[in-house]
Amino acid sequence: MNINSALIIQIIVFCLLVWFTVKFVWPPIAKALDERASKIAEGLAAAERGKSDFEQAEKRVAELMAEGRNQVAEIITNAERRASQIVEDAKKQASDEAARVAAQAKTDVEQEVNRAREALREQVAALAVKGAEQILCSEINADKHAQLLGMLKQEL
């Protein structure tokens, strides 16, 4: 065979090979490459969305932490205020109770003083009657002279 005819046959075979490759082999490869490129693009987009979501989540966590700190500070302030109020109420209640006890004690003392005075008056009246009886050497009837003894008690 001649070199020219061999070269022409090889060119025809090569052209058939190129046509076959372009027609049947290249489209599935191109399709696979396009699918892979789209998956990579989707993956990158998902990564960006994830990064954005993560940043938003971090901001939200920071806001929640700040809100939580504010709530804790408010709760502590309220608790301190309530504790102070309870202490003040307890002091006031104790002061009121002390005043009531002091007033009751004063009333009790006044009653005891009055009872002691009354008992002392009765004893002085009895002594006065005894003294008068001894002076007069006769018995004085307490029933007969009750009014006189009452006046004597009042004077004492």
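As shown above, the structure is provided for reference.
Residues numbered from 1 in each chain as written. Predicted model: local features only at pLDDT ≥ 70, side-chain atom pairs only at ≥ 80, totals over all residues. Heavy atoms only, no water.

Novice: Explanation requested: the overall build of the protein chain in the structure shown.
Specialist: Looking only at helices and strands, the protein chain has two helices and zero strands in total. A total of 156 residues make up the protein chain; the buried ones form 1% of that total. (Helix = DSSP H or I, 4+ residues; strand = E, 2+ residues; numbered from the N terminus. Buried < 20%, exposed > 50% of the residue type's maximum accessible area, 1.4 Å probe, protein only.)

Novice: I keep staring at the packing of aromatic side chains and nothing clicks. Help me out?
Specialist: For any pair of aromatic rings, geometry is given as the distance between the ring centres together with the angle between the planes. Inspection of the entire model under this criterion finds two aromatic pairs. For the ring pair Trp19 and Phe24, a centre distance of 6.0 Å and an interplane angle of 90° mean the geometry is edge-to-face. Judged by its relative accessible area of 46%, Phe24 is partly exposed. A ring pair is formed by Phe20 and Phe24, whose centres lie 5.2 Å apart and whose planes are at 45°; its orientation type is tilted. Of the two residues, Phe20 and Phe24 both sit in helix H1 (residues 3–136), four residues apart, roughly one turn of that helix. (Phe/Tyr/Trp six-rings, centres within 6.5 Å; stacked < 30°, edge-to-face > 60°.)

Novice: Hey, could you run me through the pattern of salt bridges in this one?
Specialist: Side-chain pairing between opposite charges can occur once the charged atoms of the two side chains come close. Enumeration over the complete set of coordinates arrives at four salt bridges. Between Asp96 and Lys92 there is a salt bridge, with the nearest N and O atoms lying 3.7 Å from each other. In this pair, Asp96 and Lys92 are both assigned in helix H1, four residues apart and thus about one turn of the helix distant. With a relative accessible area of 43%, Asp96 lands in the partly exposed category. Salt-bridge contacts for Arg115 lead to Glu112; the nearest nitrogen and oxygen are separated by 2.4 Å. With a gap of three residues between them, Arg115 and Glu112 both fall in helix H1, about one helical turn apart. What makes Arg115 partly exposed here is its relative accessible area of 47%. (Salt bridge = Lys/Arg side-chain N within 4 Å of Asp/Glu carboxyl O.)

Novice: In this structure, what is going on with a nonpolar patch on the surface? I would like to understand it.
Specialist: A cluster of nonpolar side chains, Ile8, Ile12, Leu16, Trp19, Phe20, Phe24, Val25, Trp26, Ile29 and Leu33, forms an exposed patch at the surface whose accessible area comes to about 1000 Å². Checked against the element boundaries, Ile12 lands in helix H1. According to the relative accessible area criterion, Ile12 is partly exposed, its value standing at 48%. (Patch = residues over 30% accessible without salt bridge, like charges linked within 9 Å, V, L, I, M, F, W, Y side chains within 5 Å. Areas by Shrake-Rupley, 256 points an atom, 1.4 Å probe, with all protein chains shown as cover.)

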